[in-house]
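Remarks on the overall topology
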Amino acid sequence: MAAEAEARLPKAAFDYYAGGSGTEWTLAENERAFRRWVFRRRVLVDVSEVDTAVTVLGQRLPFPVLLAPVALQRMAHAEGELATARAAAEAGTTMILSTLSSTTIEDVAATGVDRWFQLYVHRDRGLTGELIDRAVASGYRALVLTVDTPQLGRRDRDERNGFLPPPGVDLAILTSTTGGLSQQTGAGGGSSLFAYFARQCDPSVTWADVEWVRSRAQLPVVLKGVTTAEDARRAADAGVAAVSVSNHGGRQLDGDPATIDALPEVADEVGDRLDVLVDGGVRRGTDVLCALALGAKAVLIGRPQLWGLACGGQAGVGRVLDLLRMDFTLAMRLAGVTSTAAIGRSLVRRAVP
Ligand code: GLV
């Protein structure tokens, strides 16, 4: 699907979605690392009935896949985030709407999808507070605070392409207050998003702000971008409801470990205190199974939803979710597990190098 999406999308849009920071080592490592884990499957288990459901933030999901926050989806398809939201609703899963969405908070809410809102803290705290209030007023069930992005990673593809969304596509939630991306082009070209971030987003955010977000929202807070036991413990002490082990799809610190390799230390540290999620490199049902075995409650997918969106709008995203669900169910059967609750560390081991 990635190849078909590449053929359909303008180069700058595809590169923005597909690319990573620096040498793109972490980007590649996220997928590669899954191949370094193998299963310890069990045999002669009655797998005629397999229960793929999980509970995340107290809500039952039919299978453990949520849609990660992805910016500017109207570059991939004219219906953008609305198509994604409708597909998520049909599949019964949760969509996380990006602060950098090309559709408003309210329009996505109107689809009725189960929804969380991803937050970038802007230098203008009045504006940031308003974003939180709008999400709360529009029925978003959780706030996902991205904590790996004090500044945007340097993505060479976007710099070379002078990344700027096509006319008519911009940061729908922010254009009226910040001017959006179209205001960011300077004489030097480069990525408009890199420039936007440097100008608008706040690199001074600390743990104190987590408390500010939590008290302003009165909603469960998910920290996205934790990769160490130390930060996971701090997150649990700060009262967040969940963490997502994430390196931002290899788009931030190049040299970050693959998230599947960082997951065990986080899950070991706080898995009994909060919900641990993971995102990065999940492409197959077997990847989902591996993530659950290493301590995740569920996974988030980013690029796969975009490729589905680019290839077929709502139906394309729906197809990606269906395929993952079928593939995960098959993986559970072949591994000899009948419920997600029974998936544990003994199901995997490191592959012999
Ligand atoms: C935005 O969050 C991006 O990774 O481009």
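Since this is a predicted model, take the numbers as computed values, not measurements. (Residues numbered from 1 in each chain as written. Predicted model: local features only at pLDDT ≥ 70, side-chain atom pairs only at ≥ 80, totals over all residues. Heavy atoms only, no water.)

Let us look at unusual backbone geometry. One non-glycine residue, Leu 57, lies in positive phi territory at about 45°. Within the fold, Leu 57 resides in the loop between strand S2 (54–56) and strand S3 (59–61). Since its relative accessible area comes to 18%, Leu 57 is described here as buried. The backbone of His 248 sits at a positive phi, close to 65°, despite the residue not being glycine. If you trace the backbone, His 248 turns up in the loop between strand S9 (242–245) and helix H12 (259–270). Under the relative-accessibility criterion, His 248 is labelled buried at 12%. (Helix = DSSP H or I, 4+ residues; strand = E, 2+ residues; numbered from the N terminus. Buried < 20%, exposed > 50% of the residue type's maximum accessible area, 1.4 Å probe, protein only.)

Another aspect to go through is the environment of Glu 211. Among the secondary structure elements, Glu 211 is positioned in helix H10 (residues 207–217). Between the C-alpha atom of Glu 211 and that of Gly 239, which follows or precedes it by 28 residues, the distance is 8.4 Å.

Close approach of charged atoms allows side chains of opposite charge to pair. In the structure shown here, the tally under the stated rule is 21 salt bridges. A salt bridge links Asp 15 to Lys 11, with the shortest nitrogen-to-oxygen separation between them at 2.8 Å. Of this pair, Asp 15 and Lys 11 both sit in helix H2 (residues 11–18), 4 residues apart, roughly one helical turn. Given a relative accessible area of 57%, Lys 11 falls into the exposed group. Linking Arg 32 and Glu 29 is a salt bridge whose minimum nitrogen-to-oxygen distance equals 2.8 Å. You can see Arg 32 and its partner Glu 29 sitting in helix H3 (residues 25–32), 3 residues apart, about one turn around the helix. The partly exposed category is assigned to Arg 32, whose relative accessible area is 38%. (Salt bridge = Lys/Arg side-chain N within 4 Å of Asp/Glu carboxyl O.)

Strand S6 (residues 114–119) sits mainly inside the fold: 6 of its 6 residues count as buried. On S6, burial covers both faces: Asp 114, Trp 116 and Gln 118 on one face and Arg 115, Phe 117 and Leu 119 on the other are all buried. As defined by bridge partners, strand S5 (residues 94–97) adjoins S6 across 4 bridges and the pair is classed as parallel. Paired with Thr 94 across the strands is Asp 114, a residue of S6. As judged from the 3 bridges shared by S6 and strand S7 (residues 143–146), these two strands associate in the parallel manner. Looking at the pairing, Leu 119 lines up with Leu 145 of S7. Handedness of the S6-helix H6 (residues 125–137)-S7 crossover: right-handed. (Pairing = 2+ DSSP bridges. Right-handed = clockwise from strand over helix to strand, strands pointing away.)

Take the nonpolar core next. Ranked by size, the top nonpolar core spans 121 residues in total, and within it Trp 116, Phe 117, Ile 260 and Leu 263 carry the most contacts. In terms of residue count, the dominant contributor to this core is helix H14 (residues 303–335) (13 residues). (Core = buried A, V, L, I, M, F, W, Y, C linked by side-chain atoms within 4.5 Å.)

Note on aromatic pairs: each is described by the distance of the centres and the angle between the planes. Inspection of the entire model under this criterion finds 5 aromatic pairs. With 5.1 Å between their ring centres and 25° between their planes, Phe 14 and Trp 307 make a pair best called stacked. Of this pair, Phe 14 sits in helix H2 while Trp 307 sits in helix H14, and the two are 293 residues apart along the sequence. For the pair Phe 14 and Trp 307, one class covers both residues: buried. Ring plane angle 85° and centroid distance 4.8 Å describe the contact between Tyr 120 and Phe 197, whose orientation is recorded as edge-to-face. Residue Tyr 120 is located in the loop between S6 and H6, and its partner Phe 197 is located in helix H9 (residues 192–200); the two are separated by 77 residues in the primary sequence. The pair Tyr 120 / Phe 197 is uniform in exposure class, with both members buried. Directly above the ring of Tyr 140 sits Arg 115, whose terminal nitrogen or CZ lies 5.4 Å from the centroid. Over the aromatic face of Phe 194 sits the side chain of Arg 154, whose NZ or CZ is 5.0 Å from the ring centroid. (Phe/Tyr/Trp six-rings, centres within 6.5 Å; stacked < 30°, edge-to-face > 60°. Lys NZ or Arg CZ within 6 Å of the ring centre and 35° of its normal.)

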